[in-house]
Amino acid sequence: MKEKNIAYRCDGSFRGILCCVYEMYTRKEFPAQILTPDSPATLYPEREILTQEAHAGRVWRSLPKKLGARGARMVRDGFLTCAPEKEMLLCRFIARGYELGPSVADMLADETVHALHSALKHLYNEAHLFRGFVRFSIHDRVMTGAITPKNRVLPLLKSYFCDRYPSEAFLLYDKTHREALIHRPGQALLLPVEEFTPPSPDEEERSYRQMWRKFYDTVAIRERENPQCRMSHLPKRYWGDMTEFQEPEGESVRSASRLPGVPTGGRCPGLPRAGGQLPGN
């Protein structure tokens, strides 16, 4: 497969990336760039790649066979990362996997494989931290929270919070990617939500927040205060959505004004089982 001075432009979805791979092997060419609707203009001539279910499904089903279960999972999770030009990175990784087989997942000396491993490490670490850094508030018996992640961590957090609160109604909003994890007993959805404006906390909620901040201040040992140590265990970029770091005057929480109804919008891409059904867009 020869490299060609041409740019593919797709819709940026997981299916769209898989369709780029299909086009690459159909035309026996490797593009210089893969663009999404948010990508800036390029000097390369562009080829529009339409997202087609049959083409995407064919590539998706081939991944466990060619790359192995681990390699397919790396492609699936790689789509959730904030890696720069991740579309191109995933296509390169798939091409290397088609060439080298399942062993590609361990070839860290390869530049493409190393870059994907680094992106996945950042994704998994961020998802792990949010398990402890998410703060929920309660409005009308519905738990709501907000996070500002760099990666699309909600699909990875879904099973954790749904298993932890199986009988609760809750909403966890990703302000970066404008999507929400919405859970009711027996049902959980990932939906795009452009904006979610909270109401002011009621008296009971303000009381609980005040107690939580008081607890945080009380357990601290002033004589042993170490800001650098605190930031190593609790990175500063997470503070904006954590109750203990919010001033009462500037509190900001997610709203449950439309719950337990579900906000309008289509289903967001989830995490498909390798070789199984493709995620919805």
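Since the model is a prediction, treat every value here as computed from it, not as a measurement.

A.B. asks: Would you mind showing me how to read the overall build of the protein chain here?
C.D. replies: Across its full length, the protein chain holds seven helices and eight strands. Within the span of the protein chain, comprising 281 residues, buried residues form 47% of the whole. Relative to all contacts within the protein chain whose residues are 6 or more apart in sequence, the contacts with residues 24 or more apart total 71%. Accessible area for the protein chain stands at about 15300 Å²; split by element, carbon and sulfur atoms hold 50% of it.

A.B. asks: It is not clear to me how a nonpolar patch on the surface should be interpreted in this structure. Could you clarify?
C.D. replies: Taken together, Trp 212, Phe 215 and Val 219 make up a surface patch of nonpolar side chains, about 300 Å² in accessible area. Position of Val 219 among the secondary structure elements: in helix 6 (residues 203-219).

A.B. asks: How do you make sense of the sheet that holds strand 7 (residues 179-184) when you look at a structure like this?
C.D. replies: Across a sheet, paired strands are connected by hydrogen bonds in the backbone, their directions being either parallel or antiparallel. Pairing within the open sheet is mixed, and its five strands lie in the order 4-5-6-7-8. In this open sheet, the two strands that pair with only one neighbour each are strand 4 (137-139) and strand 8 (187-192). Looking at each pair of strands side by side, their axes are set apart by 20° on average, direction ignored. The pairing of strand 5 (residues 142-147) with strand 6 (residues 170-174) spans five bridges and is classified as parallel. Its bridge partner lying in strand 6, Thr 144 is registered against Leu 171. Contacts from helix 5 (residues 154-164) reach strand 5, strand 6, strand 7 and strand 8 within the one sheet, and its direction differs from that of strand 7 by about 20°.

Cut-offs used in this document
- In this numbering scheme, every chain counts its residues from 1 along its sequence in written order.
- Thresholds applied to this predicted model are a pLDDT of at least 70 for local features of residues and 80 or more for the giving and counting of side-chain atom pairs; totals over whole chains, interfaces and linings are not thresholded and use all residues.
- Calculation of side-chain values draws on the structure's entire complement of heavy atoms; hydrogens and water are dropped beforehand.
- Labels follow the DSSP assignment, with helices taken as runs of H or I lasting at least four residues and strands as runs of E lasting at least two, numbered in each case from the N terminus.
- Partly exposed residues are those whose accessible area sits between 20% and 50% of the maximum for their type, while under 20% is buried and over 50% is exposed, using a 1.4 Å probe and protein chains only.
- In what follows, residue pairs with any heavy atoms lying within 4.5 Å of each other are defined as contacts.
- Note that accessible areas follow from Shrake-Rupley with a 1.4 Å probe, and for residues the cover is restricted to the protein chains shown.
- A patch is a set of surface residues, each over 30% in relative accessible area and not in a salt bridge, joined within 9 Å for like charges and within 5 Å for the nonpolar side chains Val, Leu, Ile, Met, Phe, Trp and Tyr.
- Whenever Lys or Arg places a side-chain nitrogen within 4 Å of a carboxyl oxygen from Asp or Glu, that contact is recorded as a salt bridge.
- Two strands qualify as a pair provided that DSSP identifies no fewer than 2 bridges between them.
- In this description, a line fitted to the C-alpha atoms serves as the axis of each element, helices being fitted only across the stretch in contact, and the angle between N-to-C directions of two axes falls anywhere from 0 to 180 degrees.

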